[in-house]
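# Summary of structural features
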Amino acid sequence: MVGLMGAGKTSAGRLISKALDLPLSDSDPFLRERYGATAAQIAASEGADVLHEREAEHVLAELAGDPKVITAAASAVEDSRVREALRQAFVVWVDAPDAVLAQRMRAGDHRPDFAPSVMRARREPYFREVADLTFDVSTTTPEEVAEGTLRALGSPARDGG
């Protein structure tokens with residue numbers, strides 16, 4: 001799963017993970033477990049470049065392992081190695097208008113400050129490049145994203161998933 005911060009990658013990813021009976025690997029817990037810090041803390045103490053390298057590391061490490069649902073930090077798609085590796089995966093892009101994403105971002109402090117329009121300008125071409133399926137989450141619930149993804153994968157949703 002790819003998309004800008006606040007798009008709901010984790011919410012939809014959890015549902016897909018449960019329905020497919022696969023582990024979920026999310027960038028936020030990965031950073032906390034591996035580096036003992038949130039994305040915002042890493043950005044503040046070590047800089048955005050270090051954070052983005054670690055977010056790309058998350059995707060590359062998980063794609064090299066056993067099958068799982070991966071919710072990737074948006075910056076990961078800027079790395080050409082990640083985009084190349086994603087060619088072997090089924091990639092869902094969750095997106096919403098900038099105003100919706102900005103509103104959602106006010107809910108948490110574990111992420112660095114972000115301006116959706118600036119990040120969109122940098123990352124949207126890459127999201128388009130890697131995405132097999134796209135959802136507008138301003139009009140689609142996480143459950144609908146999961147159902148649509150499972151349909152596209154040819155895997156029926158299980159009860160409760």
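Located above this text is the structure these notes cover.
A brief structural summary. (Residues numbered from 1 in each chain as written. Predicted model: local features only at pLDDT ≥ 70, side-chain atom pairs only at ≥ 80, totals over all residues. Heavy atoms only, no water.)

### Focus on the nonpolar core
Ranked by internal contacts, the top residues of the largest apolar core, which has 29 residues, are Met1, Val2, Leu86, Val94, Phe127 and Val145. Non-local contacts of valine 145, meaning those with residues more than four positions away in its chain, are made with Met1, Ala12, Val92, Val94, Phe135, Val137 and Thr140. Within the second largest apolar cluster, 6 residues are counted, among which are Phe30, Leu31, Ala37 and Leu51. (Core = buried A, V, L, I, M, F, W, Y, C linked by side-chain atoms within 4.5 Å. Buried < 20%, exposed > 50% of the residue type's maximum accessible area, 1.4 Å probe, protein only. Contact = heavy atoms within 4.5 Å.)

### Comments concerning the packing of helix α1 (residues 9–20) against helix α8 (residues 142–153)
The geometry of α1 relative to α8 is characterised by a closest axis approach of 8 Å and an angle of 45 degrees between their N-to-C directions. Accordingly, the angle class assigned to the pair α1 and α8 is oblique. The way α1 lies across α8 gives a crossing that is right-handed. Each of Ser11, Ala12, Leu15, Ile16, Ala19 and Leu20 in α1 lies in contact with α8, whose residues at this interface are Pro142, Glu143, Val145, Ala146, Thr149, Leu150 and Leu153. Of the residues that constitute the contact of α1 with α8, the class distribution is 10 nonpolar, 2 polar and 1 charged. (Axes fitted to C-alpha atoms, helices over the stretch in contact; angles between N-to-C directions. Helix = DSSP H or I, 4+ residues; strand = E, 2+ residues; numbered from the N terminus. Parallel < 35°, antiparallel > 145°, perpendicular 65-115°, else oblique. Left-handed = near helix turned anticlockwise from the far one by under 90°. Nonpolar A, V, L, I, M, F, W, Y, C, P; charged D, E, K, R; others polar.)

### Things to note about helix α7 (residues 116–130)
Taking 1.5 Å of rise per residue, the 15 residues of α7 would be expected to cover 21 Å, and the 19 Å separating its terminal C-alpha atoms lies within 8% of that figure. Every buried residue belonging to α7 is among Pro116, Met119, Arg120, Arg123, Glu124, Phe127 and Val130, and all of these are buried. Contact partners of the buried residues in α7: α4 (48–63), α5 (80–86), β3 (92–95) and α6 (98–105). (Expected span 1.5 Å × (residues − 1).)

### Considerations on unusual backbone geometry
The phi torsion at aspartate 21 lies on the positive side, around 55 degrees, for a residue other than glycine. Looking at where aspartate 21 falls in the secondary structure, it is placed in the loop between α1 and β1 (24–26). Judged by its relative accessible area of 61%, aspartate 21 falls in the exposed class.

### Points about the pattern of salt bridges
Overall, the coordinates contain 14 salt bridges when judged by the stated rule. With a shortest N-O distance of 2.9 Å, glutamate 84 and arginine 87 are connected by a salt bridge. Of the charged contacts in the structure, one is a salt bridge between arginine 120 and glutamate 124, with a shortest N-O distance of 3.9 Å. You can see arginine 120 and its partner glutamate 124 sitting in helix α7, 4 residues apart, about one turn around the helix. Taking the relative accessible area as the measure of exposure, arginine 120 reaches 15% and is therefore buried. With relative accessibility at 18%, the residue glutamate 124 sits in the buried group. When salt bridges that share partners are traced, they join Asp95, Asp98, Arg120, Glu124 and Arg128 into one network. (Salt bridge = Lys/Arg side-chain N within 4 Å of Asp/Glu carboxyl O.)

### Thoughts on the packing of aromatic side chains
Evaluation of the coordinates by the stated rule reveals 1 aromatic pair. With 5.5 Å between their ring centres and 35 degrees between their planes, tryptophan 93 and phenylalanine 127 make a pair best called tilted. Of this pair, tryptophan 93 sits in strand β3 while phenylalanine 127 sits in helix α7, placing them 34 residues apart in sequence. Look at tryptophan 93 and you get buried, because its relative accessible area is 2%. Residue phenylalanine 127 is classed as buried on the basis of its relative accessible area of 2%. (Phe/Tyr/Trp six-rings, centres within 6.5 Å; stacked < 30°, edge-to-face > 60°.)

### Some words on the packing of α6 against α7
Put simply, α6 and α7 touch, their axes get as near as 9 Å, and they point 120 degrees apart. The pairing of α6 with α7 is recorded here as oblique in orientation. Viewed along their axes, α6 and α7 form a crossing whose handedness is right-handed. Only Pro116, Ser117 and Arg120 of α7 make contact with α6, whose side of the interface consists of Asp98, Leu101 and Ala102. For the contact of α6 with α7, the per-class residue count stands at 3 nonpolar, 1 polar and 2 charged.

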